[in-house]
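# Analysis of the macromolecular model
The residues making up each chain are set out below.
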Amino acid sequence: MIIKKPEKIAPSEITPEDVYLKRRNFIKQGVAMASMAAFPMLLNGCGESSQTADAASQKQPGDNLNSYEDITSYCNFYELGFGKEDPKENADLLVTKPWQVAVEGEVENSGIYSIDELLKPHTIEERIYRLRCVEAWSMVIPWMGIPLAEMIKRFKPTSRAKFVEFETIYDPDNLPGQKSRSLAWPYVEGLRIDEAMNPLTLIAIGLYGKELPNQNGAPLRVVVPWKYGFKSIKSIVAIRFVEQMPKTTWNLASSREYGFYANVNPLVDHPRWSQKRERRIGEFSKRPTLMFNGYADEVAHLYSGMDLTRFF
Ligand SMILES: Nc1nc2c(c(=O)[nH]1)N[C@H]1C(S)=C(S)[C@@H](COP(=O)(O)O)O[C@H]1N2
Ligand SMILES: [Mo]
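Residues numbered from 1 in each chain as written. Chains lettered and ligands numbered in written order. Predicted model: local features only at pLDDT ≥ 70, side-chain atom pairs only at ≥ 80, totals over all residues. Heavy atoms only, no water.

In this section: the overall build of the protein. Along the protein, the regular secondary structure elements total 9 helices and 14 strands. Buried positions account for 56% of the 312 residues belonging to the protein. Nonlocal contacts in the protein, meaning residues at least 24 apart in sequence, comprise 71% of its contacts between residues at least 6 apart. Entry remark: accessible area of the protein is about 13,500 Å², with carbon and sulfur atoms responsible for 52%. (Helix = DSSP H or I, 4+ residues; strand = E, 2+ residues; numbered from the N terminus. Buried < 20%, exposed > 50% of the residue type's maximum accessible area, 1.4 Å probe, protein only. Contact = heavy atoms within 4.5 Å. Areas by Shrake-Rupley, 256 points an atom, 1.4 Å probe, with all protein chains shown as cover.)

See the structure below:
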């Protein structure tokens, strides 16, 4: 696990893909990059100067970023179709403007928020995280976003807020997957409040310095890097603070296969396949899967004393 102090990046520096590719020498040395100069302008149309990110990007030695093309072409977003390439093909069917997020439940500042209201007071950070899928493939993605904890603090959860539930847009007229009953729509996910507050957990609004493509969950999605991909819910319209453990889409679909926690764990196999190894998209041979997807130092304490074969 390499965690280094983020480097300050000059405001003049832009971050489209070619710049990232040039910066990859830094990444290879494990030097974390931070801050995104161009992106805030995209969001609010004003040229704010550079910011310093407070969270380090995290990479394993030998981790290379997946290409923008791979990340945006090979997707899981069942609302936009069940094949890996359907979400890109159907991306235009997701209508993201206007967009509002309902904040409900055990919070002082509940209400309906615009994207601007949710993001504007916060510094946009860059985080490089591995996304590991339950079907034994993975990618390394440079996300742009804000720590979920920052957003949650502003909502002021009450002491009864033990869990956070997230809900994806429900729009069966436009979203082809929602015409099928194969999953219980809308897609819902949940985290324990301490998982949601962990500094690794991100609300992503972009990748590779660009606005989040629809197929990757525009305009905002969760990224939980130590959990299997399905916990990273896309295109969120509701964030609900609750006392009881919320239902989650994949647990509803098959509770034997998908638990609430869904922590990446090479020691606990999925009933139908091993979770010991994974194929990095773009690589030929498989690599061993790391405990908590490589983030054990940061998150193992959240589960101390828990039997992870039971709470999978
Ligand atoms: N609303 C919604 N969120 C979702 C999904 C989905 O089908 N619908 N798929 C999940 C799964 S299984 C994975 S692996 C990741 C994939 O994210 P990516 O397409 O940006 O790589 O999104 C997760 N979030
Ligand atoms: Mo997944």
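We now examine the nonpolar core. One finds W143, M151, F166, L220, W226 and F241 to be the most contacted residues of the largest nonpolar core, which totals 77 residues. Looking at this core element by element, the count peaks at 7 residues for strand β6 (residues 137–147). Apart from the residues within four sequence positions on either side, W143 is in contact with E125, E126, R127, Y129, L131, L202, A204, G206, L207, L212, R221 and V223. (Core = buried A, V, L, I, M, F, W, Y, C linked by side-chain atoms within 4.5 Å.)

It is worth spelling out the packing of aromatic side chains at this point. In the structure shown here, the tally under the stated rule is 14 aromatic pairs. Between F155 and F241, the aromatic rings sit 6.1 Å apart at their centres with planes inclined by 75°, giving edge-to-face as the arrangement. Taken as a pair, F155 in helix α6 (residues 148–155) and F241 in strand β12 (residues 236–242) lie far apart in primary sequence, 86 residues in all. In this structure, F155 and F241 share a single accessibility class: buried. Plain terms: the ring middles of W250 and Y258 are 5.4 Å apart, the flat faces sit at 65° to each other, and that makes the pair edge-to-face. Overall, the relative accessible area of 15% leaves W250 in the buried class. Residue classification places Y258 among the buried positions, given a relative accessible area of 8%. The rings of F163, F260, Y261, F292, Y303 and F311 are connected pair by pair, giving a single aromatic cluster. (Phe/Tyr/Trp six-rings, centres within 6.5 Å; stacked < 30°, edge-to-face > 60°.)

Before going further, it helps to spend a moment on the environment of R132. You can see R132 is positioned in strand β5 (residues 125–132). R132 sits in the buried class, given a relative accessible area of 0%. Along the sequence, R132 and K227 sit 95 residues apart, while their C-alpha atoms lie 7.4 Å from each other. Apart from the residues lying within four places of it in its own chain, the contact partners of R132 are W137, S138, K227, Y228, G229, V264, Q275, R277, E278, T289 and N293. A polar contact is formed between the side chain of R132 and the backbone oxygen of R277, at a distance of 3.0 Å. Engagement of the side chain of R132 in a polar contact is seen with the side chain of T289, the distance being 2.8 Å. (Polar contact = N/O pair within 3.5 Å; in protein donor to acceptor, adjacent residues only side chain to side chain.)

On to α6. Considered for burial, the residues of α6 that qualify are L148, A149, M151, I152 and F155. The buried residues of α6 occupy an angular sector of 160° when projected down its axis, which confines them to one face. Among the residues trailing α6, K156 stands out with phi positive, at a value near 55°. (Arc of directions from axis to C-beta.)

On to the sheet that holds β12. If you walk across this open sheet you meet the 5 strands as β4-β3-β12-β7-β8, and the pairing is mixed. A strand with exactly one partner marks an edge of an open sheet, and here the two such strands are β4 (111–114) and β8 (188–192). Taken over all neighbouring pairs, the strand axes of this sheet differ in orientation by 20° on average, direction set aside. Bridge analysis of strand β7 (residues 163–168) against β8 gives 5 bridges, and the strand direction is antiparallel. Within the sheet, the bridge partner assigned to E165 lies in β8 and is G190. (Pairing = 2+ DSSP bridges. Axes fitted to C-alpha atoms, helices over the stretch in contact; angles between N-to-C directions.)

Applying the stated rule across the entire model yields 21 salt bridges. R130 is the partner of D63 in a salt bridge, and the nearest nitrogen-oxygen pair spans 3.0 Å. Placement of D63 in the loop between β2 (58–59) and α3 (68–73) and of R130 in strand β5 is noted, with a sequence separation of 67 residues between them. By relative accessible area, D63 is classed as buried at 3%. When the shortest N-O distance is used, the salt bridge between R280 and E278 registers 3.7 Å. E278 shares its class with R280; the two are buried. Each of the salt bridges in this network shares a partner with another, and the network as a whole consists of D63, R130, R132, E278, R280, E283 and R287. (Salt bridge = Lys/Arg side-chain N within 4 Å of Asp/Glu carboxyl O.)

We now examine the pairing of β5. With 8 of its 8 residues buried, β5 lies for the most part within the structure. Neither face of β5 is open: one carries E125, R127, Y129 and L131, the other E126, I128, R130 and R132, and all of them are buried. Bridge analysis of β5 against β6 gives 8 bridges, and the strand direction is antiparallel. Across the sheet, R132 pairs through a bridge with S138, a residue of β6.

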